[in-house]
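Residue-level listing of the chains:
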Amino acid sequence: MIEVTRFKGTKIVINSDMIETIEETPDTVITLTNGKKYVVSESSKDIIGLVIDYKKHIFGKL
C-alpha cells in the first residue's frame, strides 16, 4: 500500500499491486487494474519510488 496525495490535498492509500499504468498528461494519473483512475500530485517517478520502498519493506521482513 502506498500513500499518495489528490489535488485537493487529501491523502489516499492505494494498493500498489493494483497499479496498471501511471501517466503524466501533464497531471499524474494512476490507473488500477479494475479501471479506476486517480489524479495525484506526485510524479510518476515519485510513485515508482514509493512502490519500490513499500516492496523493500514487505519483502525485507521475510
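Residues numbered from 1 in each chain as written. Predicted model: local features only at pLDDT ≥ 70, side-chain atom pairs only at ≥ 80, totals over all residues. Heavy atoms only, no water.

A short note on the overall build of the protein chain
So, step 1. Assigned secondary structure in the protein chain consists of 1 helix and 5 strands.
So, step 2. On C-alpha atoms alone, the protein chain measures out to a radius of gyration of 12 Å, which is about the 11 Å that the 2.2 N^0.38 rule sets for 62 residues.
So, step 3. Counting only C-alpha atoms and orienting by the principal axes, one finds that the protein chain spans roughly 35 × 25 × 20 Å.
So, step 4. Counted over contacts in the protein chain with a minimum sequence separation of 6, partners at least 24 positions apart contribute 33%.
So, step 5. Surface summary for the protein chain: the accessible area is close to 4,400 Å², and the carbon and sulfur share equals 55%.
So, step 6. Side chains of the protein chain give 9 positive and 9 negative charges; the mean places of these two sets differ by 5 Å. (Helix = DSSP H or I, 4+ residues; strand = E, 2+ residues; numbered from the N terminus. Rg over C-alpha atoms; globule rule 2.2 N^0.38 Å. Contact = heavy atoms within 4.5 Å. Areas by Shrake-Rupley, 256 points an atom, 1.4 Å probe, with all protein chains shown as cover. Lys, Arg positive; Asp, Glu negative; His and termini not counted. Charge placed at Lys NZ, Arg CZ, Asp CG, Glu CD.)

A short note on the sheet that holds strand 3 (residues 19–24)
So, step 1. One open sheet accounts for 3 strands, arranged 3-4-5; its pairing is antiparallel. Edge positions in the sheet fall to strand 3 and strand 5 (37–40), since each of these pairs with one other strand and no more. Averaged over all neighbouring strand pairs, the angle between strand axes comes to 20°, with direction disregarded.
So, step 2. Bridge analysis of strand 3 against strand 4 (residues 28–32) gives 5 bridges, and the strand direction is antiparallel. Its bridge partner lying in strand 4, Glu23 is registered against Val29.
So, step 3. The sheet contacts of helix 1 (residues 44–59) involve strand 3, strand 4 and strand 5, and relative to strand 3 the element is tilted by about 150°. (Pairing = 2+ DSSP bridges. Axes fitted to C-alpha atoms, helices over the stretch in contact; angles between N-to-C directions.)

Regarding the pattern of salt bridges
So, step 1. Overall, the coordinates contain 1 salt bridge when judged by the stated rule.
So, step 2. Put simply, Lys55 and Asp17 hold a salt bridge, and the shortest N to O gap is 2.4 Å. Remark: Asp17 occurs in the loop between strand 2 (11–14) and strand 3 and Lys55 occurs in helix 1; sequence separation between them is 38 residues.
So, step 3. Take Lys55: its relative accessible area is 27%, and that puts it in the partly exposed class. (Salt bridge = Lys/Arg side-chain N within 4 Å of Asp/Glu carboxyl O. Buried < 20%, exposed > 50% of the residue type's maximum accessible area, 1.4 Å probe, protein only.)

Points about the environment of Arg6
So, step 1. Structurally, Arg6 can be placed in the loop between strand 1 (2–5) and strand 2.
So, step 2. Taking the C-alpha atoms as reference points, Arg6 and Leu50, separated by 44 residues in sequence, lie 15 Å from one another.
So, step 3. In this structure Arg6 touches Ile12, Tyr38, Val39 and Val40, once residues within four positions along its chain are discounted.

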